[in-house]
Amino acid sequence: MKKVIISPSILSADFANLERDIKLVENAGADWLHVDIMDGHFVPNITIGVPVVKSIKKITNLPLDVHLMIENPDKYIQPFAAAGADIITFHYEAANEKSFDIIKQIQSAGLKAGISIKPKTHPETIKDFLDIADMVLVMTVEPGFGGQKFMSNCADKIPYIRENSTENLIIQVDGGINADTAKICIEKGANSLVAGNYVYKSADINAAIQSLR
Ligand code: DX5
Ligand code: ZN
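Basis of the calculations
- Residues numbered from 1 in each chain as written.
- Chains lettered and ligands numbered in written order.
- Predicted model: local features only at pLDDT ≥ 70, side-chain atom pairs only at ≥ 80, totals over all residues.
- Heavy atoms only, no water.
- Helix = DSSP H or I, 4+ residues; strand = E, 2+ residues; numbered from the N terminus.
- Rg over C-alpha atoms; globule rule 2.2 N^0.38 Å.
- Contact = heavy atoms within 4.5 Å.
- Areas by Shrake-Rupley, 256 points an atom, 1.4 Å probe, with all protein chains shown as cover.
- Lys, Arg positive; Asp, Glu negative; His and termini not counted.
- Charge placed at Lys NZ, Arg CZ, Asp CG, Glu CD.
- UniProt positions renumbered as here; feature names shortened; annotations may be inferred.
- Polar contact = N/O pair within 3.5 Å; in protein donor to acceptor, adjacent residues only side chain to side chain.
- Near = heavy atom within 4 Å.
- Nonpolar A, V, L, I, M, F, W, Y, C, P; charged D, E, K, R; others polar.
- Phe/Tyr/Trp six-rings, centres within 6.5 Å; stacked < 30°, edge-to-face > 60°.
- Buried < 20%, exposed > 50% of the residue type's maximum accessible area, 1.4 Å probe, protein only.
- Donors = N, O, S within 2.8 Å, 3.2 Å for Na, K, Ca; no water.
- Tetrahedral: all angles 85-135°; square planar, octahedral: opposite > 155°, others 65-115°.
- Core = buried A, V, L, I, M, F, W, Y, C linked by side-chain atoms within 4.5 Å.
- Salt bridge = Lys/Arg side-chain N within 4 Å of Asp/Glu carboxyl O.

Student: Sorry, what's going on with the overall build of the protein chain here?
Tutor: Counting secondary structure elements, the protein chain contains 10 helices and eight strands. The C-alpha atoms of the protein chain give 16 Å as radius of gyration, which agrees with the globular expectation for 213 residues (17 Å, within 12%). For the protein chain, the spread of C-alpha atoms along the three principal axes comes to 40 × 35 × 30 Å. When contacts within the protein chain are restricted to residue pairs at least 6 apart in sequence, those whose partners lie at least 24 apart make up 66%. As presented, the protein chain carries roughly 9400 Å² of accessible surface, and 50% of it is formed by carbon and sulfur atoms. Across the protein chain, the 21 positively charged side chains and the 26 negatively charged ones have centroids separated by 2 Å.

Structure representation (structure tokens):
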């Protein structure tokens, strides 16, 4: 069985102790570090930007899995790549017909390219990108905030994506992931899990990460 990539989301970390909280998940066996970028337009919340990603890059060896929840993602690929992102995921809903070019832009910078869909977007909408993207991120909550409840109907999109792609495509889920919902998603074909609250609010972070695999 192939390994499941666990990507803890620092949205649930203590931003005043970011280095400490990143080391916590790094030492607990995380595979990637999920960094949520929100602009207050594409989603109602605002988080962090390029300078913080640049600083994070200096203190961790984990690949930076940057999730752009922003409008005009095409304008920010180069800055986030230069800041040290290893994977950049943008939203189809913010890119539409620019999606193909953005995927190519990310890959030309030597990074993995992810395309994400919100709960109301059908997976058929991104059918044309399943062969060229490195990853599809299926949102299992409305993007914008951590700690929301998992939407199981979103996980139902995973089999379609798996059936219409090569086995190399990484299928990531994000939102409301815990040991139970992780199992549902893995059974449907996901092989990368983002988890914020479940990891950071647990008393034993090692055990929480292990329980997701
Ligand atoms: C939500 C973000 C998620 C968030 C997940 O819009 O994209 O990455 O941190 O948080 P949990 O795991 O708490 O639902
Ligand atoms: Zn995210």
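Student: I'm lost on the UniProt feature "active site" (unreviewed entry) in the protein chain in this one. Help?
Tutor: The sites that UniProt annotates as "active site" (unreviewed entry) are Asp36 and Asp174. A stretch of 139 residues holds the annotated residues, and the largest C-alpha distance among them is 10.6 Å, short enough that they meet in one place. Mapped onto the fold, aspartate 36 is located in strand β2 (residues 33–38). Those residues within four positions of aspartate 36 in sequence are excluded, and the remaining contacts are Ser9, Leu11, Thr47, Ile48, His67, Met69 and Asp174. A polar contact is formed between the side chain of aspartate 36 and the side chain of histidine 34, at a distance of 2.9 Å. Here aspartate 174 lies in strand β7 (residues 170–174). Those residues in contact with aspartate 174 that lie beyond four places of it in its chain are His34, Asp36, His67, Leu137, Val138, Met139, Thr140, Val141 and Val194.

Student: Explain the site of ligand 1 here, please?
Tutor: Taken together, 20 residues surround ligand 1, and among them Ser9, Asp36, Gly144, Asp174 and Gly196 come closest. Contact between ligand 1 and histidine 34: an oxygen atom at 3.3 Å from a side-chain N or O atom of the residue. Contacts to ligand 1 include glycine 147, whose backbone N or O atom sits 2.8 Å from an oxygen atom. Burial of ligand 1 by the protein chains amounts to 99% of its free accessible area of 390 Å². Broken down by secondary-structure element, the contributors of at least two residues to the shell around ligand 1 are β2, β3 (64–69) and β8 (192–195). When residues in the shell around ligand 1 are grouped by element, the largest group, three residues, is from β2. When the residues that make up the shell around ligand 1 are grouped by side-chain class, the tally is eight nonpolar, 10 polar and two charged.

Student: I'm lost on the packing of aromatic side chains in this one. Help?
Tutor: Within a pair of aromatic rings, the relevant descriptors are the distance that separates the centres and the angle that separates the planes. The final tally for this structure, using the stated rule, is one aromatic pair. Seen in terms of ring centroids, tyrosine 92 and phenylalanine 129 are 6.3 Å apart; in terms of plane orientation they differ by 45°. Their pairing is tilted. With tyrosine 92 in helix α4 (residues 92–95) and phenylalanine 129 in the loop between β5 (112–117) and β6 (135–139), the pair connects residues that are 37 residues apart, well separated along the chain. Judged by its relative accessible area of 16%, tyrosine 92 is buried.

Student: Sorry if this is basic, but what is going on with the coordination of the zinc ion (ligand 2) here?
Tutor: Donor atoms from the polypeptide that bind the zinc ion (ligand 2) are His34 (NE2), Asp36 (OD), His67 (ND1) and Asp174 (OD), placed at 2.1 to 2.3 Å. Taken together, the six donor atoms coordinating the zinc ion (ligand 2) span angles of 71 to 171° at the metal, a pattern that classifies the geometry as octahedral. Positions of the donor residues of the zinc ion (ligand 2), expressed as sequence spacing, correspond to H-x1-D-x30-H-x106-D. With histidine 67 in strand β3 and aspartate 174 in strand β7, the pair connects residues that are 107 residues apart, well separated along the chain. The burial state of histidine 67 is the same as that of aspartate 174; both residues are buried.

Student: Can you walk me through the nonpolar core in this structure?
Tutor: The tendency in soluble globular proteins is for nonpolar side chains to be buried as a group. Residues Ile10, Val25, Ile37, Ile177, Cys185 and Leu193 are the most contacted members of the largest nonpolar core, which totals 60 residues. Counting residues per element, this core draws most heavily on helix α3 (residues 77–83), which supplies four residues. Apart from the residues within four sequence positions on either side, isoleucine 10 is in contact with Phe15, Leu18, Ile22, Leu33, His34, Val35, Ile48, Ile56 and Tyr200. Residues Ile5, Ile87, Met135 and Ile170 belong to the second largest nonpolar core, which totals five residues.

Student: Whenever I open this one, the pattern of salt bridges confuses me. Can you help?
Tutor: Pairs may arise between side chains of opposite charge once their charged atoms sit close together. Tallying each qualifying case throughout the model produces 10 salt bridges. Here lysine 120 makes a salt bridge to glutamate 142, at a shortest N to O gap of 3.5 Å. Of the two residues, lysine 120 is situated in the loop between β5 and β6 and glutamate 142 in the loop between β6 and α6 (152–155); the sequence distance between them amounts to 22 residues. Overall, the relative accessible area of 71% leaves lysine 120 in the exposed class. Residues joined in a network through salt bridges with shared partners are Lys3, Asp31 and Arg213.

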